[in-house]
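Architecture and fold: a report
Residue-level listing of the chains:
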Amino acid sequence: MIFRRLFKHRGLGVNLIAGFSFLMLAVYGWGLDWEDLGGYLLVILIVLVGLIGLAALLGWLLRKFMSRGENTYPAATTKNDEEHDEKEQNNEEQQTKRD
């Protein structure tokens, strides 16, 4: 039953079995102690959690910096805004011509 679920997604199942086989080869074939294997796996887990935490922190900071910039600029200009800007430019040009 469990193998059926693992092999439903063949890439995941095959990778898990290959990784487990490699760890068992290290223990039984190369004489690695179970305590050493557990220590190495614990170090890998701590480093992985640290990297994920650092990535999450940097993503949060990046989102904060990006959202702060959105408040300073208008999100989009409308047709009325463009017409208003053109009228202001025409008025300024007429005033400079009068002077």
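Residues numbered from 1 in each chain as written. Predicted model: local features only at pLDDT ≥ 70, side-chain atom pairs only at ≥ 80, totals over all residues. Heavy atoms only, no water.

Structural notes on the overall build of the chain
When its secondary structure is counted, the chain shows four helices and zero strands. Going from N to C terminus, the chain has its helices and strands arranged as α-α-α-α. Within the span of the chain, comprising 99 residues, buried residues form 5% of the whole. By element, 63% of the accessible surface of the chain is carried by carbon and sulfur atoms, the whole surface being about 9500 Å². (Helix = DSSP H or I, 4+ residues; strand = E, 2+ residues; numbered from the N terminus. Buried < 20%, exposed > 50% of the residue type's maximum accessible area, 1.4 Å probe, protein only. Areas by Shrake-Rupley, 256 points an atom, 1.4 Å probe, with all protein chains shown as cover.)

Some thoughts on a nonpolar patch on the surface
Together, Leu 54, Leu 57, Leu 58, Trp 60, Leu 61 and Phe 65 line one region of the surface with nonpolar side chains, adding up to about 590 Å² of accessible area. Counting through the fold element by element, Phe 65 comes out in helix 3 (residues 34-70). On the basis of relative accessibility, which here comes to 52%, the residue Phe 65 falls in the exposed class. (Patch = residues over 30% accessible without salt bridge, like charges linked within 9 Å, V, L, I, M, F, W, Y side chains within 5 Å. Salt bridge = Lys/Arg side-chain N within 4 Å of Asp/Glu carboxyl O.)

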